[in-house]
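Notes for the structure review
What follows is the residue order along each chain.
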Amino acid sequence: MNLIAAVDENWGIGYNNRLLVQIPSDQKFFREETMGKILVMGRKTLESLPGGKPLPGRTTFVLSRNPLLKIKGAQVFCTVEELLDELQKYPSEDIYVTGGESVYRQMLPYCDTAHITKIFQKYQADTYCPDLDSYQEWVITADSEERTYFDIEYRFLKYERRKPSER
């Protein structure tokens with residue numbers, strides 16, 4: 001299972017239910033990486049999408065504590081266990097956890113790959129992705145050249161979870 005996020009230097013991902021910054025090449029990477037795949041997200045993340053609707057060309061699963069929540073074009077799950085039961089029907093490499101903070105934290109133990117756009121600035125943030133650099137089992141296995149969008153420097157990083165025998 002994959003985790004995908006754009007994070008600042010403090011692993012911040014958002015403020016007031018909006019992305020910290022929008023970088024066209026990051027949005028293109030997200031679109032290309034997730035097209036035709038399964039997206040796992042929380043209700044607030046879904047609401048932050050254009051029109052508050054699931055993204056076209058993907059299957060959307062929403063993890064929410066609200067058992068009455070109904071979302072057109074998405075399946076809603078109230079527990080991680082229910083969600084994991086459904087996800088077993090799909091290849092793990094086709095599943096992308098897309099946020100927000102609570103969903104990242106709940107689903108991180110089930111992820112083995114993380115696609116991180118690391119932005120080399122600090123923004124005011126109120127939601128965060130787990131800091132994979134602080135976990136011994138997560139290592140960077142791919143690193144792009146540094147890129148710039150106006151005055152924003154960033155890199156595309158791929159993290160993979162090492163198996164216990166590799167630590």
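Criteria and cut-off values
- Residues numbered from 1 in each chain as written.
- Predicted model: local features only at pLDDT ≥ 70, side-chain atom pairs only at ≥ 80, totals over all residues.
- Heavy atoms only, no water.
- Helix = DSSP H or I, 4+ residues; strand = E, 2+ residues; numbered from the N terminus.
- Rg over C-alpha atoms; globule rule 2.2 N^0.38 Å.
- Buried < 20%, exposed > 50% of the residue type's maximum accessible area, 1.4 Å probe, protein only.
- Areas by Shrake-Rupley, 256 points an atom, 1.4 Å probe, with all protein chains shown as cover.
- Phe/Tyr/Trp six-rings, centres within 6.5 Å; stacked < 30°, edge-to-face > 60°.
- Disulfide = S-S within 2.5 Å.

**Re the overall build of the chain**
- When its secondary structure is counted, the chain shows 4 helices and 12 strands.
- For 167 residues, the compact-globule estimate of 2.2 N^0.38 gives 15 Å, and the chain sits close to it at 15 Å.
- For the chain, the spread of C-alpha atoms along the principal axes amounts to about 45 × 40 × 25 Å.
- Split into buried and exposed, the 167 residues of the chain put 43% on the buried side.
- Summing over all exposed atoms, the chain offers an accessible surface of approximately 9,400 Å²; the carbon and sulfur share of this is 48%.

**Details of unusual backbone geometry**
- Cis rather than trans, the peptide bond between Gly99 and Gly100 has omega equal to 0 degrees.
- Tracing the chain through its elements places Gly100 in the loop between strand S7 (95–99) and helix H4 (101–107).
- Look at Trp11: it is not a glycine, yet its phi comes out positive at around 65 degrees.
- Checked against the element boundaries, Trp11 lands in the loop between strand S1 (2–7) and strand S2 (12–15).
- The phi dihedral of Phe150 falls on the positive side, at around 55 degrees, and the residue is not glycine.
- Mapped onto the elements, Phe150 comes out in the loop between strand S11 (147–149) and strand S12 (152–161).
- The exposed category is assigned to Phe150, whose relative accessible area is 69%.

**Details of the packing of aromatic side chains**
- Tallied over the full model, the rule gives 6 aromatic pairs.
- With 5.3 Å between their ring centres and 75 degrees between their planes, Phe61 and Phe77 make a pair best called edge-to-face. One end of the pair, Phe61, is in strand S5 (residues 59–63); the other, Phe77, is in strand S6 (residues 74–77), with 16 residues separating them in the sequence.
- Under the relative-accessibility criterion, Phe61 is labelled buried at 0%.
- Residue Phe77 is classed as buried on the basis of its relative accessible area, which comes to 8%.
- Here Tyr154 and Phe156 contribute two aromatic rings whose centre-to-centre distance is 5.7 Å and whose plane-to-plane angle is 85 degrees, an arrangement assigned as edge-to-face.
- According to the relative accessible area criterion, Tyr154 is buried, its value standing at 4%.

**As for the state of the cysteines**
- Within the structure shown, the criterion is met by 0 disulfides.
- With no disulfide of its own, Cys111 lies 9.3 Å from the sulfur of Cys129, the closest cysteine sulfur.
- Residue class for Cys111 comes out buried when judged on its relative accessible area of 2%.
- By relative accessible area, Cys129 is classed as buried at 2%.

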